[in-house]
Amino acid sequence: MGQKKKKNKPSRKTDLRQLIQGLFFNQPKRTFNYKQVAALLEVKKKTDKQRVQIILNELFESGYLTETVPGKYKLLSRGSTVTGIVDMTASGAAFIVPDDGSDEDVFIPRNAMNKALNGDRVKIFKSARRKHKQPEGEVIEILERKREHFVGVMQIARGLAFLVVDARVMQNDIFIPAKGLKGAKNGQKAIARIVEWPERAKNPIGEIIDVLGDVGDNNAEMHAILAEFNLPYKYPDEVNAEAEKIDAGITPEEIKKRRDFRGVTTFTIDPADAKDFDDALSLQKLKNGNWEVGVHIADVTHYVEEKSLLEKEAFERATSVYLVDRVVPMLPEHLSNGICSLRPNEEKLCFSVVFELDDNANIVDSWVGRTVIYSDRRFTYEEAQNVIETGEGDLKEEILTLDRLAKIIRKQRFSDGAIGFERVEVKFNIDENGKPVSVFFKEAKDANKLIEEFMLLANKRVAELIGKNELNPKRKSKAKTFVYRIHDVPNPDKFDAFASFVRRFGYEALPKGAESINKSLNRVLNEAHGKKEQNIVETLAVRTMAKAIYSTHNIGHYGLSFKHYTHFTSPIRRYPDMMVHRLLQRYLDGGNSVNEEKYEEMCEHSSDMEQRAADAERASIKYKQVEFLKDRVGEEFDGVISGVTEWGLYVEIIENKCEGMIPIRDLNDDYYRFDEEEYCLIGQKYNRRYQLGDPLRITVASANLEKKQLDFALVDE
């Protein structure tokens, strides 16, 4: 006897609704009544048959099915399926952002989410459109979960345990059975993964995979932020073990393969708290009177072998993450702060771009290849800046010469159309417990710009070498596959909105005469520099720009005004730089082009991880802002409106750049409506306007650490 073929019997774990939708979807021309549906799905219990009737009626009401005659249903042919990303609202309903790039999002009511969560990629059935209504739909399949792990606070009472997750991520708490608690206690921060989500259950069932610590503990909170963005906060033991085995020794055989710079004056300039020194500069005067400038980058790929555990871990992480109080390195510290770091008075292996420049900073010649260096001095930015400002100090001739050359290169770059975003960085002084005690601002000075210009020059040169096919004497053949850092032109609508906004401050952003958009942007940024509205003008200017990403398809870098650009200079903290090092050596050795599709996928992953790291950094800054003002509730400050939305005003405090919100419900002197085009709230009765950039006097009303949220209130005039 042959085995009977098992059918898809609905069980506790099977979603009956999705099975019914699938039945109609796969047979769009057939008509079924509830008895036929129940028989085909082998539903035998009376209660389950009743549920079939209820679901059929709901699918008819939602526009998924049509009723051909009373009690008989068929797929509504006017509908269609769409795939896209879930963008969930605070109410639990969502909008689906279609994959096909169509402008109109599809609204999904809360009861049609079918367990889809924020950020998930799903397939939906888009109902036939009703007149004057936004398109609506229902999730019929979850194609890809955005996250596997969820961060929250344990709530244990009467023997029942739940992980309470931020409502923006998940509306339902995760039920944790006793066997899955792993020692988590009530009120602690923890990470869980969902084990199952039974069809009829409101709450998913999960297990704790890590207990982070008590709410409010600095380490627990920083690890929670990393986990919230699906970023790692510790290294697997086996990866650390592999890193520890790597020998830092440099053999005479290895030195023979490289160009030797150990006798040339070389130094690093980095932030005072940096430990991972990616780059060093060398300088010497040539016999012909020109300058030889070496940009030396840590040779990470010499130590991290392809297909090794270290390589896989570096790829998965794709970037170091910089939170307010710590760095979570892409590579284990034995490599990032030790073997690969270009520390002073140590021989180090590098991948270098060496330029011959004349006295006017014109490139006469260049060379790219592997080197060995010896750094004579480690400067902080402050120390190098002091040499530039006073003309005195260690290696003053070298630093002053490089500063002079960098300023010429920089001037030319801006003349070519580069855009000068020099935003002020907000930093916190933090005590030994991680508590912020004061705020200070970091502005890029000449020492920072010196390093920036030579790194840009090296990145550009490497990209040109491959992108212009300079290694191929024939030159007519297609350039080999490479990793570029690309930046698209601004969105015209966003730029028009920006121009309209800055006009209120007396700035004209639209190009004058023969000006290009980038030159007019620079003019506005220069005019706003040092004024009270500087930060808001710069913030909005950044928002008009496209995001820079990694890609194998080179479209140039608009913001830098470079036709070819890549990331080569930070392989300790960025995986794309490691990719560039490997490809560059392969092509220098005459190797064939690599698979473009594979590398484009790697670029997309790197861009995604870069965005996640930036989001985590912002979340950590926001947390510290709330923590900093927690003890100052009730105090008054001068602020400026930094954002206007339909739910309220965002206000940035001028003295410390902390941002909070005045909810629209608290503006109780009138009924206010949001005018999107004008970036303002307008009172219906008295016509009072709250406009982006307006000064306000506020008081700190509340500081919610759990939500990373500051609420402000207007001070009565």
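Structure's up top.
Procedures and definitions
Residues numbered from 1 in each chain as written. Predicted model: local features only at pLDDT ≥ 70, side-chain atom pairs only at ≥ 80, totals over all residues. Heavy atoms only, no water. Pairing = 2+ DSSP bridges. Helix = DSSP H or I, 4+ residues; strand = E, 2+ residues; numbered from the N terminus. Axes fitted to C-alpha atoms, helices over the stretch in contact; angles between N-to-C directions. Core = buried A, V, L, I, M, F, W, Y, C linked by side-chain atoms within 4.5 Å. Buried < 20%, exposed > 50% of the residue type's maximum accessible area, 1.4 Å probe, protein only. Contact = heavy atoms within 4.5 Å. 1 Å grid on protein atoms, 1.4 Å probe; cavity = no way out; pocket = protein on both sides within 12 Å on 5 of 7 lines; lining within 4 Å. Points joined across faces, edges and corners; volume = space filled by probe spheres on them. Nonpolar A, V, L, I, M, F, W, Y, C, P; charged D, E, K, R; others polar. Polar contact = N/O pair within 3.5 Å; in protein donor to acceptor, adjacent residues only side chain to side chain. Salt bridge = Lys/Arg side-chain N within 4 Å of Asp/Glu carboxyl O. Parallel < 35°, antiparallel > 145°, perpendicular 65-115°, else oblique.

**Student:** Outline the sheet that holds strand 32 (residues 689-691), supporting the account with residue identities and numerical values.
**Tutor:** Strand order in this open sheet of 3 strands is 30-31-32, and the pairing throughout is antiparallel. Either end of the sheet is taken by a strand with one partner, and the two such strands are strand 30 (672-675) and strand 32. Strand-to-strand twist across the sheet, computed as the mean angle between neighbouring axes with direction ignored, equals 20 degrees.

**Student:** Could you give an account of the nonpolar core, with specific residues and numbers?
**Tutor:** When a protein is soluble and globular, its nonpolar side chains tend to lie buried together. By size, the foremost hydrophobic cluster in this structure holds 101 residues, and its most contacted members are Leu-335 and Phe-454. Aside from chain neighbours lying at most four places away, what touches Leu-335 is Ile-246, Tyr-303, Val-304, Leu-310, Cys-340 and Ser-341.

**Student:** Would you mind going over the sheet that holds strand 7 (residues 121-126) in detail, with residue names and values included?
**Tutor:** Pairing is antiparallel in the open sheet, where 5 strands are placed in the order 6-5-4-7-8. The open sheet has two edge strands, strand 6 (106-108) and strand 8 (137-144), and neither has a second partner. Pairwise comparison of adjacent strand axes, ignoring direction, gives a mean angle of 45 degrees for this sheet. Where helix 1 (residues 16-26) meets the sheet, it contacts strand 4 (80-88) and strand 8, and its direction lies at approximately 100 degrees from that of strand 8.

**Student:** I'd like a rundown of the layout of surface pockets, residues and numbers included.
**Tutor:** A volume near 1100 Å³ is recorded for the second largest pocket. Lining the second largest pocket are 28 residues, with Lys-146, Asn-230, Leu-231, Met-609 and Arg-612 positioned closest to its centre. Elements that contribute at least two residues to the lining of the second largest pocket include exactly strand 13 (205-214), helix 8 (309-317) and helix 17 (596-629). By residue number, the principal contributor to the lining of the second largest pocket is helix 17, which donates 4 residues. Looking at the lining of the second largest pocket residue by residue, the class counts come to 10 nonpolar, 4 polar and 14 charged.

**Student:** So what's going on with the side chain of Ser-551? Which residues, and what values?
**Tutor:** The topology assignment puts Ser-551 in strand 26 (residues 549-551). Among the residues examined, Ser-551 registers a relative accessible area of 4% and is labelled buried. In this structure the side chain of Ser-551 is engaged in a polar contact, spanning 2.9 Å, whose partner is the backbone nitrogen of His-553. When neighbours within four sequence positions are excluded, Ser-551 is seen to be in contact with Phe-482, Val-483, Tyr-484, Ile-486, Glu-600 and Cys-603.

**Student:** Please give an account of unusual backbone geometry that cites residues and values.
**Tutor:** Even without being a glycine, Arg-158 presents a positive backbone phi close to 50 degrees. Secondary-structure assignment places Arg-158 in the loop between strand 9 (149-157) and strand 10 (160-165). On the accessibility criterion, Arg-158 (83% relative accessible area) is exposed. Residues other than glycine seldom take positive phi values, yet Asn-469 does so here, at roughly 60 degrees. With respect to the helices, strands and loops of the structure, Asn-469 is situated in the loop between helix 12 (446-467) and strand 25 (484-486).

**Student:** Quick one: what's the story with the pattern of salt bridges, residue by residue and with numbers?
**Tutor:** Applying the stated rule across the entire model yields 48 salt bridges. The salt bridge involving Lys-708 is made with Glu-228; its shortest N-O contact spans 3.2 Å. Placement of Lys-708 in the loop between strand 33 (695-704) and strand 34 (709-714) and of Glu-228 in helix 4 (residues 218-228) is noted, with a sequence separation of 480 residues between them. Salt-bridge contacts for Arg-612 lead to Asp-608; the nearest nitrogen and oxygen are separated by 3.2 Å.

**Student:** Could you give me a rundown of the side chain of Glu-138, with the residues and numbers involved?
**Tutor:** Looking at the secondary structure, you find Glu-138 in strand 8. Judged by relative accessible area, which is 3%, Glu-138 ranks as buried. Reaching out from Glu-138, the side chain makes a polar contact with the side chain of Gln-21 at a distance of 3.4 Å. If we ignore the near neighbours within four places in the chain, the residues touching Glu-138 are Arg-17, Gln-21, Leu-59, Ser-62, Ile-108, Ala-112, Asn-114, Lys-123, Ile-124 and Phe-125.

**Student:** Tell me about the packing of helix 8 against helix 16 (residues 575-588), and name the residues and values.
**Tutor:** Helices that pack against each other are described as a pair by the angle of their axes relative to one another and the distance between those axes. With their axes 8 Å apart at the nearest point, helix 8 and helix 16 run at an angle of 130 degrees to one another. Compared by their axis directions, helix 8 and helix 16 come out oblique. Residue-level contacts link Glu-311, Ala-314 and Phe-315 of helix 8 to Tyr-575, Met-578 and Arg-582 of helix 16. Looking at the contact of helix 8 with helix 16, its residues break down into 4 nonpolar, no polar and 2 charged.

**Student:** Can you explain the pairing of strand 34? Please cite residues and give values.
**Tutor:** For strand 33 and strand 34, the ladder comprises 6 bridges, and the chain directions are antiparallel. Across the sheet, Val-700 pairs through a bridge with Phe-712, a residue of strand 34. Where strand 33 hands over to strand 34, the hairpin turn is made up of 4 residues, of which Lys-708 adopts a positive phi near 55 degrees.

From the geometry alone we can't say anything about function, so treat these as descriptive.
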